[in-house]
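Chains, contacts and geometry: an overview
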Amino acid sequence: MNISTKLCKGIVLLMTVVLVSGCSMFASKDESTERQKIEKKQKITRYTGEKSKVLSHVYTGRKELALTFNGMGDDKMMKSLLEQLDAHKIKATFFLPGMRVAEEPNIAKEILTRGHEIQNNTLNQLDMSKLSYEQIYREIQLSNEVIKRETGISPRYVRTKSGDVTDDVRLAAAQLGMEAVVSYNINPKDRDLQKDAKTIGDYIARYMSRGSIISLNTDINPEVIPTIPLIAKAAADIGYQFVPLSEMVKNGGERKPLEQIPCFDAVKLNPQFENAKYELVYQVDTNKKQIALTFDDWGSDKTVTKLLDILAEHDVKATFFLRAKGVENNPNLARAMVDGGHDVANHSYNHPVITTLTAEELQKDVVKAHQVITEAIQQQPVMLFRPPTGVVDDHTAKVIAATGYKVIALYDVTTLDWDKKNSAQDIVNGVMSKTKNGSVILLHMLDDIHTIEALPIVLKSLKSKGYTFVKMDDMIKQSRSGN
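How each quantity is defined
Residues numbered from 1 in each chain as written. Predicted model: local features only at pLDDT ≥ 70, side-chain atom pairs only at ≥ 80, totals over all residues. Heavy atoms only, no water. Helix = DSSP H or I, 4+ residues; strand = E, 2+ residues; numbered from the N terminus. Buried < 20%, exposed > 50% of the residue type's maximum accessible area, 1.4 Å probe, protein only. Contact = heavy atoms within 4.5 Å. Areas by Shrake-Rupley, 256 points an atom, 1.4 Å probe, with all protein chains shown as cover. Lys, Arg positive; Asp, Glu negative; His and termini not counted. Charge placed at Lys NZ, Arg CZ, Asp CG, Glu CD. Salt bridge = Lys/Arg side-chain N within 4 Å of Asp/Glu carboxyl O. Core = buried A, V, L, I, M, F, W, Y, C linked by side-chain atoms within 4.5 Å. UniProt positions renumbered as here; feature names shortened; annotations may be inferred. Axes fitted to C-alpha atoms, helices over the stretch in contact; angles between N-to-C directions. Parallel < 35°, antiparallel > 145°, perpendicular 65-115°, else oblique. Left-handed = near helix turned anticlockwise from the far one by under 90°. Phe/Tyr/Trp six-rings, centres within 6.5 Å; stacked < 30°, edge-to-face > 60°. Lys NZ or Arg CZ within 6 Å of the ring centre and 35° of its normal.

If you look the protein up in an unreviewed UniProt entry, it shows as Chitin deacetylase from Brevibacillus porteri.

Put into structure tokens, the structure is as follows:
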């Protein structure tokens, strides 16, 4: 684009801002009086309704995440970026500043032509924390109008330059009818020009999880472009797909507050535990060739997703005893377990050796874990508690039972697979030599152990011996009912 064309577009945009804001650079006394009347009529009053929601990630069990970009680089950088996205079949979301769209509308149109979506990055990417409410409103409003005029698209989301969210931004967005103010949960800080593509890509790969919103910039660090193949490979290794943000939101769900979820308070602090009744279940008494496969603890998205994929491939349902501190950081992974037809249960919050805790400390840990898991999966988990390390005594069992967890779920088959020194073959041998009717098999979902290698062999071998897999809670209930 030549200088004269840019100058003309700049003048057009300036006149748009002047007209919309009700200001004039050249005004007679009469015109000034009229302008004051218009300004008074158009004055923006601080919104008092409900604030717009904030999106830092999307609640979903689907293997989807959103790649988002801020700003608009020059024509060369944007074309290179779009070509890389095309090459790796990635559909992204571009938060564009209204001023840049006015200057380079053809770039914005090309983004849409390639199948990506455009959202609002405010007019000038100013620091919202230093602006008045009316200025914030105008920054969002004018950007919406420019994007609509140049592309025909009405943005649904807004993001500030930094991704920071203030109450005024949320109120202004709500007043303008926008669906959400978008932040992110993965930010590799690519603004740092010292960071190369591998550093940026490794960071994203490390924290990649379903429902994530990744934030990158188009106009600062050119290393963002060679980062695309790296993150495309990282996503493919887990089986994730990049989708536009609005699509991920549409496919996702709303997370209700804990208090709105039925049975969120099924587990409570209860100091009167001396006479609490409990049941220790190591295995289930049955003549049927049924067994329960269980997994303890927590792992990365990559590890747990591979476990879930293997279980799905073999049509096996399991019970996952979750360390809730991990769930708190990645609730979507727990949701994916439930979506896959598995049960989730309580394995404590901090994974302590429970016999070393006071009764109050133990109950607080158990209750907190129950609440975290309940909120993550948006429903009550199965009412089984498995003590970390499997250590429990009469006193701690009563303390746990008094909170509401009457069944202490243990196991009769363990191979110490948590120890990376134990090979896949060691795990297979251990499971096959110990499993019998009604067995409860303990495995782990930790990173960097050999359980993933062993699992397909374990499942095939047990099936070949005529065993069927039943979720632990179901197997216990069937035994009690005599079925």
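From this point, things continue past the structure.
Here we take up the overall build of the protein. Summing up its helical and strand segments, the protein has 18 helices and 17 strands in all. Taken over the C-alpha atoms alone, the protein extends approximately 95 × 50 × 40 Å along its principal axes. When the 483 residues of the protein are sorted by exposure, 51% land in the buried category. A sequence separation of at least 24 residues applies to 81% of the contacts in the protein between residues at least 6 apart. Summed over its atoms, the accessible surface of the protein is roughly 22,100 Å², and 50% of this surface lies on carbon and sulfur atoms. Between the mean site of the 63 positive side-chain charges and the mean site of the 61 negative ones, the protein shows a separation of 2 Å.

The final tally for this structure, using the stated rule, is 24 salt bridges. Between aspartate 202 and lysine 198 there is a salt bridge whose closest N-O contact spans 2.7 Å. With aspartate 202 and lysine 198 both in helix α8 (residues 197-207) and four residues apart, the pair spans about one turn of that helix. Judged by relative accessible area, aspartate 202 falls into the partly exposed class, the value being 34%. Here lysine 198 falls in the exposed class, since its relative accessible area comes to 53%. Arginine 210 is paired through a salt bridge with aspartate 301; the nearest N and O atoms lie 3.9 Å apart. Note that arginine 210 is positioned in the loop between α8 and β7 (213-217) and aspartate 301 in helix α11 (residues 301-313), a separation of 91 residues in sequence. Comparing arginine 210 with aspartate 301, the two get one shared label, buried. One network of salt bridges, with partners in common, ties together Lys43, Glu134 and Arg138.

Here the focus is the nonpolar core. Generally speaking, nonpolar side chains in soluble globular proteins are found buried as a group. Ranked by size, the top nonpolar core spans 42 residues in total, and within it Leu293, Phe295, Phe320 and Leu322 carry the most contacts. Excluding residues that lie within four positions of it along the chain, phenylalanine 295 makes contacts with Leu307, Leu311, Ala318, Thr319, Phe320, Phe321, Leu443, His444, Met445, Thr451 and Leu455. Counting 39 residues, the second-largest nonpolar core is a separate cluster that includes Met78, Phe94, Ile186 and Phe242.

The subject of this paragraph is helix α13 (residues 331-339). In terms of burial, α13 is largely enclosed, as eight of its nine residues are buried. Each element contacted by the buried residues of α13 is listed here: α11, β11 (319-322), α12 (324-329), β12 (343-346) and α14 (359-377).

On the UniProt side, "domain: NodB homology" (unreviewed entry) is annotated at positions that read residues 63-243 and 289-470 here. In residues 63-243, helix accounts for 45% and strand for 15%; the two terminal C-alpha atoms are 10 Å from one another. End C-alpha atoms of residues 289-470 are separated by 10 Å, and the span's content is 45% helix alongside 16% strand.

By secondary structure assignment, the location of phenylalanine 264 is in the loop between α10 (245-251) and β9 (279-281). Residue classification places phenylalanine 264 among the partly exposed residues on the basis of a relative accessible area of 22%. Once the C-alpha coordinates of phenylalanine 264 and aspartate 168 are considered, the two residues, 96 residues apart in sequence, prove to be 33 Å apart. In this view, phenylalanine 264 contacts Leu258, Glu259, His370, Gln371 and Thr374; residues no more than four positions away in its chain are not counted.

Note that threonine 451 resides in helix α17 (residues 451-464). Between the alpha carbons of threonine 451 and threonine 48 there is a distance of 54 Å; along the sequence they are 403 residues apart. Dropping the residues within four chain positions of it, threonine 451 is found in contact with Phe295, Asp417, Ile427, Leu443 and His444.

Turning our eyes to something else, we now look at the packing of α8 against helix α9 (residues 224-238). Closest axis-to-axis distance for the α8/α9 pair is 9 Å, and the angle between their directions is 30°. When the axis of α8 is compared with that of α9, the two are roughly parallel. As for how α8 packs across α9, the hand of that crossing is right-handed. Along its contact with α8, which presents Ala197, Lys198, Ile200, Gly201, Ile204 and Ala205, the element α9 presents Pro226, Thr227, Leu230, Ile231 and Ala234.

In this section: the packing of aromatic side chains. Per the counting criterion, the structure on display carries four aromatic pairs. When the ring of phenylalanine 69 is compared with that of phenylalanine 94, the centres are 5.0 Å apart and the planes differ by 20°; the resulting orientation is stacked. Of this pair, phenylalanine 69 sits in strand β2 (residues 64-70) while phenylalanine 94 is found in strand β3 (residues 93-96), placing the two residues 25 residues apart along the sequence. Ring plane angle 55° and centroid distance 6.1 Å describe the contact between phenylalanine 385 and tyrosine 405, whose orientation is recorded as tilted. In this pair, phenylalanine 385 is assigned in strand β13 (residues 384-385) and tyrosine 405 in the loop between α15 (394-403) and β14 (407-409), connecting sequence segments 20 residues apart. Over the face of the ring belonging to tyrosine 349 we find lysine 368, whose NZ or CZ atom lies 4.1 Å from the ring centre. Above the ring of phenylalanine 321, the side-chain terminus of arginine 386 is found at 4.1 Å from the ring centroid.

The topology assignment puts threonine 415 in the loop between β15 (413-414) and α16 (424-434). Since its relative accessible area comes to 10%, threonine 415 is described here as buried. Contact partners of threonine 415, with chain neighbours within four places excluded, come to Asn422, Ile427, Gly430, Val431, Leu442 and Leu443.

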